[in-house]
There are 6 protein chains.
Amino acid sequence: MKVVCFGEVMLRLNPPGYERFAQTSSLVYNIGGAEANVAVSTSNYGIESSFVTRLPAHEIGTSVINMLRRYGVDTSQIIRGGSRVGIYYLEKGASQRSSKVIYDRANSAIAQASASDFNWERIFEGADWFHFTGITPALSDGAALCCLEACRAAKSAGIKISCDLNYRKNLWSPEKAGQVMGELMKYVDLCIANEEDADMVFGIKAENTDVDRGIVSHDAYRSVAAQLAERFGCEKIAITLRISISANDNDWAGMLYDSKTDEYYFSPTYNIHIVDRVGGGDSFGGGLIYALLSDKDNTYAINFAVAASALKHTIEGDFNLVSIAEVESLMSGSGSGRVQR
Amino acid sequence: MKVVCFGEVMLRLNPPGYERFAQTSSLVYNIGGAEANVAVSTSNYGIESSFVTRLPAHEIGTSVINMLRRYGVDTSQIIRGGSRVGIYYLEKGASQRSSKVIYDRANSAIAQASASDFNWERIFEGADWFHFTGITPALSDGAALCCLEACRAAKSAGIKISCDLNYRKNLWSPEKAGQVMGELMKYVDLCIANEEDADMVFGIKAENTDVDRGIVSHDAYRSVAAQLAERFGCEKIAITLRISISANDNDWAGMLYDSKTDEYYFSPTYNIHIVDRVGGGDSFGGGLIYALLSDKDNTYAINFAVAASALKHTIEGDFNLVSIAEVESLMSGSGSGRVQR
Amino acid sequence: MKVVCFGEVMLRLNPPGYERFAQTSSLVYNIGGAEANVAVSTSNYGIESSFVTRLPAHEIGTSVINMLRRYGVDTSQIIRGGSRVGIYYLEKGASQRSSKVIYDRANSAIAQASASDFNWERIFEGADWFHFTGITPALSDGAALCCLEACRAAKSAGIKISCDLNYRKNLWSPEKAGQVMGELMKYVDLCIANEEDADMVFGIKAENTDVDRGIVSHDAYRSVAAQLAERFGCEKIAITLRISISANDNDWAGMLYDSKTDEYYFSPTYNIHIVDRVGGGDSFGGGLIYALLSDKDNTYAINFAVAASALKHTIEGDFNLVSIAEVESLMSGSGSGRVQR
Amino acid sequence: MKVVCFGEVMLRLNPPGYERFAQTSSLVYNIGGAEANVAVSTSNYGIESSFVTRLPAHEIGTSVINMLRRYGVDTSQIIRGGSRVGIYYLEKGASQRSSKVIYDRANSAIAQASASDFNWERIFEGADWFHFTGITPALSDGAALCCLEACRAAKSAGIKISCDLNYRKNLWSPEKAGQVMGELMKYVDLCIANEEDADMVFGIKAENTDVDRGIVSHDAYRSVAAQLAERFGCEKIAITLRISISANDNDWAGMLYDSKTDEYYFSPTYNIHIVDRVGGGDSFGGGLIYALLSDKDNTYAINFAVAASALKHTIEGDFNLVSIAEVESLMSGSGSGRVQR
Amino acid sequence: MKVVCFGEVMLRLNPPGYERFAQTSSLVYNIGGAEANVAVSTSNYGIESSFVTRLPAHEIGTSVINMLRRYGVDTSQIIRGGSRVGIYYLEKGASQRSSKVIYDRANSAIAQASASDFNWERIFEGADWFHFTGITPALSDGAALCCLEACRAAKSAGIKISCDLNYRKNLWSPEKAGQVMGELMKYVDLCIANEEDADMVFGIKAENTDVDRGIVSHDAYRSVAAQLAERFGCEKIAITLRISISANDNDWAGMLYDSKTDEYYFSPTYNIHIVDRVGGGDSFGGGLIYALLSDKDNTYAINFAVAASALKHTIEGDFNLVSIAEVESLMSGSGSGRVQR
Amino acid sequence: MKVVCFGEVMLRLNPPGYERFAQTSSLVYNIGGAEANVAVSTSNYGIESSFVTRLPAHEIGTSVINMLRRYGVDTSQIIRGGSRVGIYYLEKGASQRSSKVIYDRANSAIAQASASDFNWERIFEGADWFHFTGITPALSDGAALCCLEACRAAKSAGIKISCDLNYRKNLWSPEKAGQVMGELMKYVDLCIANEEDADMVFGIKAENTDVDRGIVSHDAYRSVAAQLAERFGCEKIAITLRISISANDNDWAGMLYDSKTDEYYFSPTYNIHIVDRVGGGDSFGGGLIYALLSDKDNTYAINFAVAASALKHTIEGDFNLVSIAEVESLMSGSGSGRVQR
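Chemist: Even after reading the chapter, I still don't get the relation of the copies chain E and chain C, so can you show me in this structure?
Modeler: Think of it as a corkscrew move, a rotation about one axis and a shift along it, taking one chain copy to the other. Under the fitted operation, chain E is carried onto chain C by 0.0 Å of movement along the axis and a turn of 180°, and the coordinates agree to an RMSD of 0.0 Å. Accordingly, the operation relating the two chain copies is best matched by a two-fold axis. Within chain E, the C-alpha atom positioned nearest to the axis of rotation is that of E:L27, 2.6 Å from it. Looking at the interface residues of chain E, 100% of them are also at the interface in chain C, so both copies use one shared face.

Below is the structure:
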C-alpha cells in the first residue's frame, strides 16, 4: 500500500514551552504542513508514504527533507528549486490565551511551482491513495493547477483521493476558494472538513451550531456531511468535532458519513489535556486514510482516526508519532494513562 | 500620557520548569518587582512609562536596565549607584506544592537610596500618574522618605497617585507598616489591595472571609473597600479576589469601588490554569491604571484589569506581555483558546 | 537512627518535557530505583540513610554515587565492581497517552553480585531499619540470595525490616516471585503493596476491585491487608490506592493496617495534577519508614506517607525532595498552593 | 550627539554552537543587520542612536523592536507595515569549515518600502550623523530611493554621512551596484570598505593583494583608499584588513585615510580566536563613528575601531556589546585576558 | 551505485560541551558506530547506502532507525530483535585532558545475532560495495560468522569489499583478532588501518614510529601498507596519519597504497582545531569508498578522503554531514574558513 | 587522612558559554570558593575532606550543601544561620576579552559569623591538615577572628596548616591585609602565593617580573619564596606561574621551595587551551596538599599540583573533577589528548 501526499511543508518555528515571541531567545526548529503531517501519520502506521513538494536546493531545504526522512517518509519525489521554505511561527497558548500562528509562506518554493514541475504519472506508480488539502490550491494559481493535474492523473490511475477542506482565510477569499475547490472536489472520494470549512468554502451551513459557545448538535454535523456528499458526489465525508474549553483543555470527537449506505458513525468524545494541538486535524486524516486503505469498517475507521488524533494532542510538534498499537489500546478503553513498563 | 513608577526591581532567579532549588543546575535570568511590573504593563498598552529606581553601575545593573528597555520602559531616570541588585529566588509550585520565594534584597542599591538621590520635580515633568506600592517604603527608612517626597511632589504637580498596599511580612511589622503607609495613603487616589493587606496594615477586617477555605463573600470586599476609602479619602479602591484551588488552578476576579458614587463594580471570574502566577496582582494594577488614565468607565476598567491579569497568569515571568487587543478579546468573551492564525 | 536500603539504582534517562523517544535529541541524566528512592526520602527527613548496592568502578558508576551523595545518602557501603549500570528509559505520558518505561537492566553490576560481596554484619552496624523491595530478588538468583542473607542478618541484629512487594512482570514469573518472596516475607515487619502486587505474587485477591475502571472499595483493601498479615505474620501492612484519571491527573491515597490491634487507617485522598509520577510509591514507603521509625502513631504515619507521596508527584525525577515541614503543612490542610514568601 | 542608521534588520537564526542546519533541533532567536549593528554599537558608547526601518505590525516585528530597544536603540522612527521580516540563517564554521549564511530576505517590509514612507526631515531632527551601507540600496529600487532621499536630506541638514560599501553579490550585480552606489557616494563623508568591495562595486583594484593566500600589502590598501577618496571626494576612507587563517582564527586590523592631510593611519593587528565573526565589520564602523563624532584624532579613531571590532569577534550575536572602557583597555595593551575581578 | 555496511550502531550519549560525567545533568541523544558512520557518509555523497544490523523492536530501537533514516540511509534490511541497543558514553576532552569513551555494548541485539538472521544474497541485490570493520567480528562469535558469510556472499556476487581494521582492545585479544581477521582479510579489496591496528592485529610493525611523541615517518607507513597488501593480497591499503597535539588540535593526513602499481599517494596535512573527533577515521573510509566507487583516481581518492575527514572533525556527532562540494572546495585549497554567503 | 577547609562558598552564577551578562537569559547554577574548591580536590583524591562554613537555613543554603556533598565533601560541620549566600557573577572571556567577576558577597552568612559559632576542637578531631586562604579573614573581623582561633586550635592539635594568600583588593586594603595576614602567617606551614599576592600583602617584591608583558624569571620566584619563608618561618612556599597569552590560552607552571633544604623545585610548563580558568589556583593547592599529606617528595608534589591544575583549566566550574590516575597520566607525559577507550 502506498499513499501520496502533495502540498507545502513549512518550517515550524516556536518558542520553547509557553514563552511568547516578545520574550523568547530561542526557537524549536521543526517542520509541519497539513499534507506532510498526514504522510508522517500513514508512514508511522507502516504504509509507504511519499510526500511531494518543491523545496530549495540549499541546506535549509535539505534539513526539511531530513526531518521528513526521519519518520520514514519517501522524499524521492520532492523537486528541488525555488529560493525559500515557507515558515510558520507558532506561539503556544495556555488557559484563556490562544495559540498564535503567524505565517510567512508567500513565495515559497512550492507556491512558485508550475504544473510542469511534476510528472504525476511517475509519481503515482504503485500508489493507492492520493491526499491533498484546501491549503495547497490556495497557495498560488500554479499550485492549484498542480492539484488539478494530480487529481486527474490519480483518477485515471484508479487511485482513491482524499481532501481536507482546511480553509485558510489569509490565503484566499471564500469566493475564490469556492470556485477552485468546487472544481477539485469533483475528484474527491473522501472529504474531511469541519463545519466552518464547509460554510466558508461552499456556503454549506449547519444549523444549531455555535462554535464559540461550545454547543454543537449531532444533527448539524449530519446536515453538513449530507450536503457535501450530495453536492460533490463524495463517497465519504468525515467531520472533526472540537470543543475548546481553553487552550489547555479540549473535547475532541469525529463523525464519518458513508453516502452509499447513508449511515453516520460518531466516535466517542475524548477530554484532552493538551500538549500541542497543531496538527490535530491532520492526524485525524492520517488515521482515517490508514483505516480505510486497510479495509477497516467505518466504525473502526472513525474510532481509530479520533483516538489517533486525541493522542496527537499529547505530542510536541505537528507530527503524530504514535503506533497502531497505541491507538488501538486507547480505542479499547485504556485512556487512564497508567505507566507502561 | 505618561506614568511614573517608583520602587525596586530585583533579579528573578528561578529553576526551569518545576525543578526545585535542591536539584537544579540552571536558573532563568530575569527581573521583576511590583512597580517595574506595572511599568511594563502600561508601556505595553502604549503609555509612556518611566521606571525610577537606583541600580549599581556594574554590568549586572546594566543588564537589568536592558531587560526593562526591552519592553519599552523609559529608564533614563534610573540613578546608578550602590553595590548590589536585590534578588528573589523563585521555585514554581505544582498541585499541592506551593511556589516558594526566597528574598535576598537587603542592602540593595534602592534600599540604600537617600531622599537626595531623586529630583522628583524633574522626574514628574510631563507625567500624569504616579504609582508605587507598600513594598518600597518597607525597604528602608530612606526608601520610605523617597516615597513621601515623591507623593508630595506628585500631589503638588496635580498628578494622580496609585498605591498597591502589598504588605510583606519579611520587610516590616504590621505596626510599622500601618504607621508609614497611613502617612502615605493620604496622597493616594487609587488604592489597590486584597483583604489580607488591609487587615495586616490597617487592621481593616472583612467579615465572612476565609481565604484558606476559599470562601469569600462579595459583601466582605465591599466592607473593606468602603472602610479604606473612608479612612484615607481615596477616590477609588480596587481589590483582587483570588481563590487558590491548587498551585496550578486559581479562580481570579476583582472589584472596583468608586467612593464618589459609592458604586461597586465586580468583574467576571476566570478559572485559570496557571503558567506563572507571580506578577498577577501587578498586572491587575497595570491594567487598571491604563484604563483609568484612558478615561474608560469603571466597568471597563475593572473588567480590563481582571482580564489582563488573567492573561498574565499564562505568561512566563513577572511581566504581563499582552496587547490591548488581546485583553479586549478576552473581555468580549473569547476565552476558549482557539488558535489565532 | 539509621536506615539501610539495598537494591539496584539505575540510570534514569528521559527526554525533556513530553518529548517522545522517536523525536528527542537529548536525555535528562538522572538516577532512580525503588530502594534508592526510599533512601533519599529518609535522608531528606534527617535520618542517616545508607544505600547498599554494587556499581562499576568506572566514571558512570561514580556519577551515580555523586547523585546519591548529593541528597545526603551514605554511599560508603557500595561495592565497586561489574561492568554496567542498569538503565531505564522513561517517556512521560500526558492525558490519554501513558508514560512508557523501557528497561535495560540485565547484567548490571548488582544483578551479577554474589552473596560474598556484602558483609551484612558490618553494614548493619548502628542500623535500626532495613528496607528492600521485590525488585531486588527478581534481578538474579545472586541478588535474591543477598536479600535473604541481609534479612537473616537484620533479624538477628534486631533490626526492623520493610519490604515493598513491587512485582515486575518483566523480571520474573508470578510463580518464581511467589516462591522467593514467600521465603523473604517471613522476615518482614512492614509490608507495602498494592492489590495487584498481592494478587500477582501471592494470589491474594481483593474483591470488588477493578483498577482499570477506577472503582476500588475500602473493604477490598482491608481484605488484602488482612490476608497478607495473616499469611506472613507481618506487623503492619500498607497499601497505596491510586486512581488514574489520566496521565496528568491521579487520585492518591493509602491505608495502613496494624495486625496487632487489627485496626485500619485510611488517609485522605489527594487529587493530584502530576509533574512526574515515577517514584510515587517509593516516596510513600520512605514517608512511612520515617514516621514509624520516629515512633509516630499510625494515623500520623499513613497521613504523612500519603501527603509526602502526593508531593512527590509534583517533583521532577524519582526522588522525593521535600522536607518534613512541607509534608506536615500539607497534612494540616494547606494544599491550596499559595505562594510561600 | 545623535546617530541615525537606516537599513534592514533581519532575524538571525542559527543553530546553537557548531551544529549544522542538517542536524539541529533549535535555533537561537536573534537579530542583526549591518546598520542595526552600528546603531547598537554607538548606543553602547553612550550616543543617542536611532535605527530607521520598516517592520511588519505583527508580533515577530514587535519582537525585533524589543531586541533593538534592549540595547538602548531608539526605535520610535521605525515604520510598521509590510508582511515579513527578512531572515538570515547562520551556521557557524570551525577550523577548515566555513561559516554559512543563507538569506531569505526578499520581499521584507523594508525591501517593499517606498520613498514616501519616511519623513527624513523629522527623522534627522537633532541628528549629527547618518549611516547606511551598500546593502540597503541593493534591497530594492524603493529602498535605494529612500537612501538617496535620506542622503539629500542629511546633506542639506549639515549632517555627516558614512557608508559601508558592503557589496553583496546575491542582491545585485556589480554593474547595478556601481551605478547606484556611485550616485550615493557623492554624499558620503566617511567611506568604509574592504578591497573586495571597492573592486566589485567600482572596479578599484589594489595591487599585490591575494586574500585567499593571506598576503596583503599596506601599499595595496593605501592605493584603494586614495582612489576611492579621489573619485568621490570623501573626506575619510576606512578599510578593514582581515586575514582568515581558519574559521577559528583571524588576524584583524584596519586603516584610516584622511584625504585632507593625505595621511594613512594603520592600527595594530590582533590575532583573534573567534567566538562569532558576523558583525565584525559593522562594529568597526560603529567604533569609527563614535570616535570621529567625539572629535578624537585619527590615530585614536582607527585604533578604537579596530580594538572594538576585535572584541566583537569574542561576542555571540551580531551586536558588539562592549563599553568604551573595555575598548580603551584593549587599546592600551591589556589583551592578555586576565580575569577582571 | 549502492554501498552496504554491516555492523553495530550504538547510542552515543555524551554530556553537552566539555562537561564531565561526574557533573552533568543531561546527555545528548545521538547514535554512532564505525560502519553506520560510513553509511551516512556515502549516503551524503549521493550513493544509495544500506546499513545492516539487528536492533530491538522497542521504541529505543526505532529511534535509532529514525536517526539513520534522517540522513538518507536505507534501513529496510535491519532485522528487529534482541533486547538492547549498545551504548557508548562519550566525554569530550580538551587541551591536555583526553576524551573518554565508556562502552556498554555487551549483549546488544547485534552481538546476539546469529548467521541465520541475515539473507546476504537478498541484501546484496544491486549492491556494488560491501564495508565492515574489525569491530563487528569482535562483538561475538555470531557476529564474526555473519561477517564471514557476508564476505563470501559479496565475493561471489562480485562486490568490492572494504574493511577498516579498527582494533578494539576491550573486545578481544590480539591473538583472537589476528586469527579471525586473518580469515576475513582474504576477501578484502581495500584495507583501511592505522599503524597501531596493523601491529596489534597482525604484528605488522612500522619502523621509526612513535605516536606519543608525534614523530612519524612516511617510510614507516609505506612499510606497513606494503606488508598488509602482500600478506592478504589486498588491492589497496589506506592508512590514516594523526598527530595529536592536544585534545583540541590534531594534524591529520592519509596515505593510499595501490598494490597493482606499487605506488604511494600521500595527502596534504591539515592542522585541525577540533569540534568532535569521534568518527574521524570512519569519515575517511566513507570518503575513500565514495571516490573509488566513483572511479576517481588515487590522488583524488586520498585527497578527498582526507579533506572529508578533516571537515568531520569540525562537526558535532559521529556523522560526517558534508557535501561533495564542501569537500572539493577544501581540496582545492579553500580552508581559510571565510563566511560563505 | 583528613583535611579541614574553612572559608566561604558562594553561588557561582554565569551565563552559558561565552554570553555576556548584557545579553543572557539564563545562568548556570553552581558554587565555588577558594577553600571549598580545595576540599573538593582533596575529596576527589580519596582524602576525607570536611568543609566548614556558615550557610543560611533556607533552601538556597541547602542546595549549596547538596552541591558540596555531591563530590564527597563532609558537610556535617557546616553551621546553619544568617540570611544570605554570597554570590559571584562570572562572565567567561575569550581571546582579548577578559573574564569578568562581579562579587555580591557582603553580609553573607559566613561574613557575619562570630568566633563562638565554631568549636574548633571538635571540628579538628581526627584531622591532619587545615587549609584556609587570605580571602576568609578579609570577609569581616568576625571571620578573621574565626581564622585565628582555627589556627591556634590546629597548631595545638599538631595539625599542619596551609594558607593561600589570595589577596582580593575589593575586600580589604593592602595595609589591613598585611597586618591580619601577618598574624595568621605565623601558624602557617605551607604558604601558597603568586608574586602579586606577596607584594600586595607583605610588600615582598620579586625583581625582573612584569606580568602584563608575560616575562617572568625563575630567579624572581626564588626571591619571593625565600623572603616569605624567612619572614614567617614557613616550612614550604609554593608559587604558581601563569602567563596569560589570551583569555583562551595560558602557560601554567609552579614552583615549590623547601626552606629546610633551601631547594627549589620547578614544574614543567603546560600550554593550556582553556575551558574554565576559575579555580585553577585552588586546584593547585588541592593537589599540593594531597601530595604532601601522602608523603610524596617535593618533585612529585609540585609536578602533581601543576598537572592537576592544568587539567582543572579544561573543566567547567570551580571544582577540579579529576582522578589521581588522570593527573599521574599527564605527569608521565600523556598530554596529547588521544581518546581513552
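Still to come is the rest of the account.
Chemist: Where do I start with the interface of chain A and chain B in this structure?
Modeler: On the chain B side, the residues contacting the 24 residues of chain A number 20 residues. Its residues assigned to classes, the side of chain A that touches chain B comprises 6 nonpolar, 11 polar and 7 charged.

Chemist: Before we go on, may I ask you to explain the sheet that holds strand β7 (residues 87-91) of chain A in this structure?
Modeler: Within a sheet, adjacent strands bond to each other through the backbone by hydrogen bonds, running parallel or antiparallel. One open sheet holds the 8 strands; their spatial order is β8(A)-β7(A)-β2(A)-β3(A)-β3(D)-β2(D)-β7(D)-β8(D), and the pairing between them is mixed. In this open sheet, the two strands that pair with only one neighbour each are β8 (100-104) of chain A together with β8 (100-104) of chain D. Within the sheet, the average angular offset between the axes of one strand and its neighbour, ignoring direction, is 30°. In the sheet, strand β7 (residues 87-91) of chain D pairs with β8(D) via 5 bridges, with the strands oriented antiparallel. Note that in β8(D) the partner of D:Y88 across the bridge is D:Y103. Strands in contact with helix α2 (residues 59-70) of chain A are β3 (26-32) of chain A together with β7 and β8 of chain D; relative to β8(D), the strand with the most contacts, it is inclined by about 90°.

Chemist: Looking at this structure, how should I read the environment of D:T269?
Modeler: Residues and elements named next belong to chain D. Residue position: T269 is located in the loop between β14 (263-266) and β15 (270-273). The spatial distance from the C-alpha of T269 to the C-alpha of E196 is 19 Å, given a sequence separation of 73 residues. Discounting residues that sit within four places of it in the chain, T269 has contacts with D251, W252 and A253.

Chemist: I keep staring at the interface of chain E and chain C and nothing clicks. Help me out?
Modeler: Contact residues are listed per partner, giving 21 residues for chain E and 21 residues for chain C. Breaking the side of chain E that touches chain C down by element, the ones donating at least two residues are β3 (26-32), α2 (59-70) and β8 (100-104) of chain E. If one sorts the elements of the side of chain E that touches chain C by residue count, α2(E) sits on top with 5 residues. Residue classes in the side of chain E that touches chain C are distributed as 9 nonpolar, 8 polar and 4 charged. Sheet analysis places strand β3 (residues 26-32) of chain C next to β3(E), joined by 3 bridges and oriented antiparallel. Opposite C:V28, over in β3(E), you have E:S26 as the bridge partner.

Chemist: Explain the pairing of strand β13 (residues 249-258) of chain D here, please?
Modeler: Where a strand is regular, its side chains alternate between the two sheet faces. Residues and elements named next belong to chain D. Among the 10 residues that make up β13, 7 are buried, leaving the element largely enclosed by the rest of the structure. Of the pairings in the sheet, the one linking strand β12 (residues 236-244) to β13 comprises 9 bridges and is antiparallel in character. Paired with S244 across the two strands is N250, which belongs to β13. The loop that links β12 with its antiparallel partner β13 comprises 4 residues. Across 4 bridges, β13 lies against β15 in antiparallel orientation.

Chemist: Help me understand the sheet that holds strand β2 (residues 10-14) of chain C, please; the structure alone is not making it clear to me.
Modeler: Strand order across the open sheet formed by 8 strands is β8(C)-β7(C)-β2(C)-β3(C)-β3(E)-β2(E)-β7(E)-β8(E), with mixed pairing between neighbours. In this open sheet, the two strands that pair with only one neighbour each are β8 (100-104) of chain C together with β8 of chain E. Within the sheet, the average angular offset between the axes of one strand and its neighbour, ignoring direction, is 30°. Sheet analysis places strand β2 (residues 10-14) of chain E next to β3(E), joined by 5 bridges and oriented antiparallel.

Chemist: What is the right way to look at the relation of the copies chain A and chain B in this model?
Modeler: Between chain A and chain B, the superposition needs a rotation of 120° and an axial shift of 0.0 Å, giving an RMSD of 0.0 Å. Both chain copies can therefore be described as sitting about a three-fold axis. Measuring from the rotation axis to each C-alpha of chain A, the shortest distance belongs to A:G17, at 5.2 Å.

Chemist: Just checking my understanding: could you explain the environment of F:V322 for this structure?
Modeler: Residues and elements named next belong to chain F. Along the polypeptide, V322 turns up in the loop between α10 (298-312) and α11 (324-331). Given 27 C-beta atoms within 10 Å, V322 falls into the buried group. C-alpha separation for the pair V322 and D219, spaced 103 residues apart in sequence, amounts to 32 Å. Those residues in contact with V322, other than ones at most four positions away along the chain, are N44, A308, L311 and V327.

Chemist: Looking at this model, I keep getting lost on α11(F). Mind explaining?
Modeler: Since the α-helix advances by 3.6 residues per turn, residues separated by three or four positions end up pointing in the same direction. Residues and elements named next belong to chain F. Taken together, the buried positions of α11 are E326, V327 and L330. The buried residues of α11 occupy an angular sector of 100° when the element is viewed end-on, so they sit on one face. Residues of α11 that are buried in the fold lie against α9 (280-293) and α10. Within two residues after α11, G333 carries a phi angle of roughly 110°, on the positive side.

Cut-offs used in this document
- Residues numbered from 1 in each chain as written.
- Chains lettered and ligands numbered in written order.
- Predicted model: local features only at pLDDT ≥ 70, side-chain atom pairs only at ≥ 80, totals over all residues.
- Least-squares fit on C-alpha atoms with pLDDT ≥ 70 in both.
- Contact = placed C-beta atoms within 7 Å.
- Nonpolar A, V, L, I, M, F, W, Y, C, P; charged D, E, K, R; others polar.
- Pairing = 2+ DSSP bridges.
- Helix = DSSP H or I, 4+ residues; strand = E, 2+ residues; numbered from the N terminus.
- Axes fitted to C-alpha atoms, helices over the stretch in contact; angles between N-to-C directions.
- Buried ≥ 20, exposed ≤ 12 C-beta atoms within 10 Å, placed from the backbone.
- Arc of directions from axis to C-beta.

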